[in-house]
Protein chains: 2
Amino acid sequence: MAGQKKHQVAVIGSGNWGSTIGKILAENTAEHSDLFHREVRMWVFEEDINIPEDSKHRSKYGDAPQKLTKVINETHENVKYLPGISLPENLVATPDVTAAVKDASLLIFNLPHQFIGKTLDGIKGHHLPYARGISCIKGVDVSDGIVTLYSELIMEKLGIYCGALSGANIAPEVAAERLCETTIGYDTPPMDLTSNDGSPKHNLVKVDEQRQVKTKPTSVELHPVPQDYPHVDAELWEALFSRPYFFVHVVKDVAGVALGGALKNIVALAAGFVSGKQWGENTKAAIIRLGVGEMIRFGRTWFPKSVNEQTFTEESAGIADLVASCNGGRNVRSATHAVEKGVGVAEIEKTEMNGQKLQGVSTAQTVYGFLDKHGKTGDFPLFCAVNNILEGKAKVEDLPALLNKKK
Amino acid sequence: MAGQKKHQVAVIGSGNWGSTIGKILAENTAEHSDLFHREVRMWVFEEDINIPEDSKHRSKYGDAPQKLTKVINETHENVKYLPGISLPENLVATPDVTAAVKDASLLIFNLPHQFIGKTLDGIKGHHLPYARGISCIKGVDVSDGIVTLYSELIMEKLGIYCGALSGANIAPEVAAERLCETTIGYDTPPMDLTSNDGSPKHNLVKVDEQRQVKTKPTSVELHPVPQDYPHVDAELWEALFSRPYFFVHVVKDVAGVALGGALKNIVALAAGFVSGKQWGENTKAAIIRLGVGEMIRFGRTWFPKSVNEQTFTEESAGIADLVASCNGGRNVRSATHAVEKGVGVAEIEKTEMNGQKLQGVSTAQTVYGFLDKHGKTGDFPLFCAVNNILEGKAKVEDLPALLNKKK
């Protein structure tokens, strides 16, 4: 009986990555009218914007400040966060998060991690109890000796099952429809499996089953997706996210997908350090290989039941994202500049980034604190070396000795 | 009783990579006097050279042509192939290959593949029957629908067991002692194992056991290394090759180590093609990831018993060498230039490389011919796309469609 209803899709967030994903979703809902309602709702944090001088829409609006949602819906362009990219007309911006999620069976979360908690508070109670989610939020939350995936935070707060999407996906390049790939981690709850039509109405997902060290055991009572919707499984997510320029691979390992997007930033700093010394491609490749090794070890140690080593070594969310981040992007660039100029990375954050903080720096610090708390620094020489270089306790020249297993 | 004798080491070949490896070997034989004779012999293909104008040794020799071996032994520098790098005084060049291998229990092969056959003819009958070898020769031989590893060729011709060394090892960077890593593939013959002191005197190694498609079954009768030598195993190779700037990892998968060094060159061309289009880091990372996937598939298909997938995904001979080759080197550079200029790669070989052939081009062609012969082109879309682009049958713009699994 599956398939009488169609899925309503909502995307929560509209930065450059949120708008890019919104574009992809809307392209696909238009193509797969058997599975999805055509209109995709995009929640936009409302703000008054000035149309940039060089925008082709400048003449239409002039100098007067405009509501961002109004401009997106009238011009089909996010002139502030994704300028120059045409968005499908069936991607509709709304400033009201409860209106965005109303009746939406598929919720795609794509906003900066610092806003996720408050946004979930606004959604709670207004969403379908049987909705399913995908978190496109990069990284993981590490605090108090606990690693929390944003997908888990969403599960806990909203009581819905949520997977994760990550990959070598620099937003403007995806928006420009340049060939790339991504990985979706989604471990379909048993009650939703095609083969399980006589499943129980409710299912408990124990969030802490995935973790070795979480102190707060949490479980979520899931509501099954009603049988008259198309099954929410790997195939459906592929239909919703795949484009001819955007290849999607769905795996079950949600934790690995999320961890890859976090830990790669530490390795990117190390790649920047050795690039700054002009040690060449051999050395950078060695750093990347050693980095993958520590990512695997991190996953195995703290998510032994759920992490699959191949997520790191064979998926876009692992090796591809790591390689792209070590070849380009702010972390590697800033670390390179710091070494070239003989200053600390903090100095580069101040002088070249207007005080903005690099993701790699905060990740290196929190991961180091986490490893130290668990007495595991000795197993992660590269991660720890990056932190110690950032803190001025080690030098880039020390890397060969710090990374040599035969000391 | 193991250990009364010491190993004599010889390196066959003295190009920039041969001289670099010779330097490493001689540094280590000097440090491990319990395991090795101090002197390392390096066979040099003798030639008359002119000392370069900018060499610090120019004043000593002036304009007169000199024997290369004489200059190496007097200046401890290979002024022609590795200028500017000091070689240890215990690395001794000899133009006589039979003198080089005499009494040598460890033979390190490091010369261009086109010279290996003839050189082995010169060695045959002059080496110790129980010698053990490591081939540093990049790549594999593909012809007549048969993949042959150079280590196998050495085994067959000399009747000695031989492993392989490969990794992200651009020679001048290793010679300059910049941090990098390598992988040695060596599957210690049972008769040489520490645990097997009462082993048979002779052991048959069936070369074709590793291969799915070889038509010519070959086996080699091995002589055991006498018990009064230090055991020839992973630990010994690490002692001989590891330096504080050169990390060595020994694995059993000889075929994977050799295949990685060959197949990466095809992927490097693809990386150059998309770089030439300026498709960005996402796309290059996707090409690398898809490339690793096809390397694994190639290994699994034709070396199902011997290849270990992790050699490609986790070793320097796999992912690290691939990443380094996609970021720098002649293959990626030439392919990038070709696309930027809107010409074929053959044109770049003519105009920018004095007609020298790129390794990636010949590998792409022979691998394509091999896949075609076995009816397997459909399983290797990236390898085949590279060949078709080289032959003008496909365009770089076709890559997204050619690589998309959902056609």
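Quantities reported herein were computed from a predicted structural model and do not represent experimental measurements.

Draft legend 1. The arrangement of the overall build of chain A in detail. Scanning chain A from terminus to terminus reveals 17 helices and 14 strands. In terms of overall size, chain A behaves like a compact globule, its C-alpha atoms giving a radius of gyration of 22 Å where 407 residues would be expected to give roughly 22 Å. Dimensions of chain A along its principal axes, counting C-alpha atoms only, are 65 × 60 × 35 Å. Of all 407 residues assigned to chain A, the portion counted as buried reaches 60%. Carbon and sulfur atoms provide 49% of the accessible area of chain A, an area that totals close to 16,100 Å². Here chain A contributes 44 positive and 49 negative side-chain charges, whose respective centroids are spaced 4 Å apart.

Draft legend 2. Here's a closer look at the relation of the copies chain B and chain A. For these two chains of identical sequence, chain B goes onto chain A by a turn of 180° and a shift of 0.0 Å along the axis, with RMSD 0.0 Å. What we have between these two chains is a two-fold relation. For chain B, the residue whose C-alpha comes nearest the rotation axis is B:Thr313, separated from it by 2.8 Å. When you check the interface residues of chain B against chain A, 100% turn up at the interface there too, and the contact is symmetric in its surfaces.

Draft legend 3. Inspection of helix H12 (residues 316-327) of chain B at higher detail. Residue and element names in this part refer to chain B. Counting buried positions along H12 yields 12 of 12 residues, so the element is predominantly enclosed. For H12, every residue scored as buried is listed here: Ser316, Ala317, Gly318, Ile319, Ala320, Asp321, Leu322, Val323, Ala324, Ser325, Cys326 and Asn327. Immediately downstream of H12, the backbone of glycine 329 shows phi near 105°, a positive value.

Draft legend 4. Just unusual backbone geometry, in detail. Positive phi outside glycine occurs at A:Gln278, with the angle close to 55°. Relative to the helices and strands, A:Gln278 resides in the loop between helix H9 (254-276) and helix H10 (280-302). For B:Glu177, which is not glycine, the phi torsion reads 65° and is therefore positive. Among the structural elements, B:Glu177 can be located in the loop between helix H7 (171-175) and strand E11 (180-185). Since its relative accessible area comes to 39%, B:Glu177 is described here as partly exposed.

Draft legend 5. Main features of the sheet that holds strand E7 (residues 132-135) of chain A. All names here are of chain A. In spatial order, the strands read E5-E2-E1-E6-E7-E10-E11-E14; together these 8 strands make up an open sheet with mixed pairing. Of all the strands in the sheet, just strand E5 (91-94) and strand E14 (246-251) have a single pairing partner and so form its edges. Across the sheet, the mean angle separating the axes of adjacent strands is 25° when strand polarity is ignored. Sheet analysis places strand E1 (residues 7-12) next to strand E6 (residues 106-109), joined by 4 bridges and oriented parallel. Across the sheet, residue valine 9 finds its bridge partner in E6, namely leucine 106. Here helix H12 (residues 316-327) sits on the sheet and contacts strand E10 (161-166) and strand E11 (180-185); the angle it forms with E11, its principal contact strand, is near 140°.

Draft legend 6. The UniProt feature "domain: Glycerol-3-phosphate dehydrogenase NAD-dependent C-terminal" (unreviewed entry) in chain A, seen in detail. This chain's UniProt record puts "domain: Glycerol-3-phosphate dehydrogenase NAD-dependent C-terminal" (unreviewed entry) on residues 253-399 of chain A. Split by type, residues 253-399 of chain A is 75% helix and 0% strand. Its first and last C-alpha atoms lie 32 Å apart.

Draft legend 7. Up close: the state of the cysteines. Residue and element names in this part refer to chain B. Under the counting rule described, the total for this entry stands at 0 disulfides over all chains. The thiol sulfur of cysteine 136 is not disulfide-bonded, and the nearest other cysteine sulfur, from cysteine 162, lies at 8.8 Å. Judged by relative accessible area, cysteine 136 falls into the buried class, the value being 2%.

Draft legend 8. Geometry of the pairing of strand E8 (residues 140-143) of chain A. Residue and element names in this part refer to chain A. Burial along E8 is one-sided: Val140 and Val142 are buried, and none of Asp141 and Ser143, which face the opposite way, are. The sheet contact formed by E8 and strand E9 (residues 146-149) spans 4 bridges and is antiparallel. Paired with valine 140 across the two strands is leucine 149, which belongs to E9. In sequence, E8 turns back onto E9 through a hairpin of 2 residues, with aspartate 144 there showing a positive phi of about 55°.

Draft legend 9. Just the confidence of the model for chain A, in detail. Overall, the prediction assigns chain A a mean pLDDT of 92, with 93% of residues at 70 or greater. Scored as a whole, the predicted complex attains pTM 0.94, and scored at its interfaces, ipTM 0.93.

Draft legend 10. The pattern of salt bridges, seen in detail. Residues and elements named next belong to chain A. Taken as a whole, this structure holds 42 salt bridges over all chains when the rule is applied. With a closest N to O distance of 3.5 Å, lysine 357 and glutamate 349 form a salt bridge. Connected through shared salt-bridge partners, Lys23, Glu27, Glu31, Glu177 and Arg243 make up one network.

Draft legend 11. Molecular detail of the interface of chain B and chain A. Across the contact, 43 residues belong to chain B and 43 residues belong to chain A. Summing the contributions of chain B and of chain A, the shared interface buries around 3,600 Å²; its carbon and sulfur component is 56%. It is B:Leu179, B:Asn282 and B:Arg289 in chain B that bury the most area against chain A; as a group they hold 21% of the surface buried on that side. At the junction of chain B with chain A, the criterion picks out 2 salt bridges. Inspection of the chain B/chain A interface yields 16 residue pairs in polar contact (both at pLDDT 80 or more). Of all elements in the fold, only H7, E11, helix H10 (280-302), helix H11 (309-314), H12 and helix H17 (399-403) of chain B reach the threshold of two or more residues within the side of chain B that touches chain A.

Draft legend 12. A look at the UniProt feature "active site" (unreviewed entry) in chain A. All names here are of chain A. Listed under "active site" (unreviewed entry) in the UniProt record, and renumbered for this structure, are Lys264. Assignment of secondary structure puts lysine 264 in helix H9. Relative accessible area serves as the criterion here: at 9%, lysine 264 is assigned to the buried category. Residue contacts for lysine 264: discarding those within four places in its chain leaves Lys138, Met295, Asp321, Leu322 and Ser325.

Draft legend 13. Expanded view of the packing of H12(A) against H10(B). Contact geometry for H12(A) and H10(B): axes closest at 8 Å, N-to-C directions at 135°. When the interaxial angle is binned, H12(A) and H10(B) end up oblique. For the element pair H12(A) and H10(B), the recorded crossing hand is right-handed. Between H12(A) and H10(B), the residues in contact are A:Ser316, A:Ile319, A:Ala320, A:Val323, A:Ala324 and A:Asn327 and B:Glu281, B:Lys284, B:Ala285, B:Ile288 and B:Arg289, respectively. Here the residues of the contact of H12(A) with H10(B) sort into 6 nonpolar, 2 polar and 3 charged.

Draft legend 14. Inspection of the domain arrangement of chain A at higher detail. Residues and elements named next belong to chain A. What the domain assignment reports for chain A is domain 1 (7-252) and domain 2 (261-404). On a C-alpha basis, the centres of domain 1 and domain 2 stand 28 Å from each other. At the junction of the two partners, domain 1 supplies 23 residues and domain 2 supplies 21 residues. Here domain 1 and domain 2 share an interface that buries about 1,700 Å² over both sides, 65% of which is from carbon and sulfur atoms. At the junction of domain 1 and domain 2, the tally comes to 1 salt bridge.

The rules behind the values
- Residues numbered from 1 in each chain as written.
- Chains lettered and ligands numbered in written order.
- Predicted model: local features only at pLDDT ≥ 70, side-chain atom pairs only at ≥ 80, totals over all residues.
- Heavy atoms only, no water.
- Helix = DSSP H or I, 4+ residues; strand = E, 2+ residues; numbered from the N terminus.
- Rg over C-alpha atoms; globule rule 2.2 N^0.38 Å.
- Buried < 20%, exposed > 50% of the residue type's maximum accessible area, 1.4 Å probe, protein only.
- Areas by Shrake-Rupley, 256 points an atom, 1.4 Å probe, with all protein chains shown as cover.
- Lys, Arg positive; Asp, Glu negative; His and termini not counted.
- Charge placed at Lys NZ, Arg CZ, Asp CG, Glu CD.
- Least-squares fit on C-alpha atoms with pLDDT ≥ 70 in both.
- Contact = heavy atoms within 4.5 Å.
- Pairing = 2+ DSSP bridges.
- Axes fitted to C-alpha atoms, helices over the stretch in contact; angles between N-to-C directions.
- UniProt positions renumbered as here; feature names shortened; annotations may be inferred.
- Disulfide = S-S within 2.5 Å.
- pLDDT = per-residue confidence, 0-100.
- Salt bridge = Lys/Arg side-chain N within 4 Å of Asp/Glu carboxyl O.
- Buried area = accessible area lost by both parts, 1.4 Å probe.
- Polar contact = N/O pair within 3.5 Å; in protein donor to acceptor, adjacent residues only side chain to side chain.
- Parallel < 35°, antiparallel > 145°, perpendicular 65-115°, else oblique.
- Left-handed = near helix turned anticlockwise from the far one by under 90°.
- Nonpolar A, V, L, I, M, F, W, Y, C, P; charged D, E, K, R; others polar.
- Domains from an automatic or database assignment.

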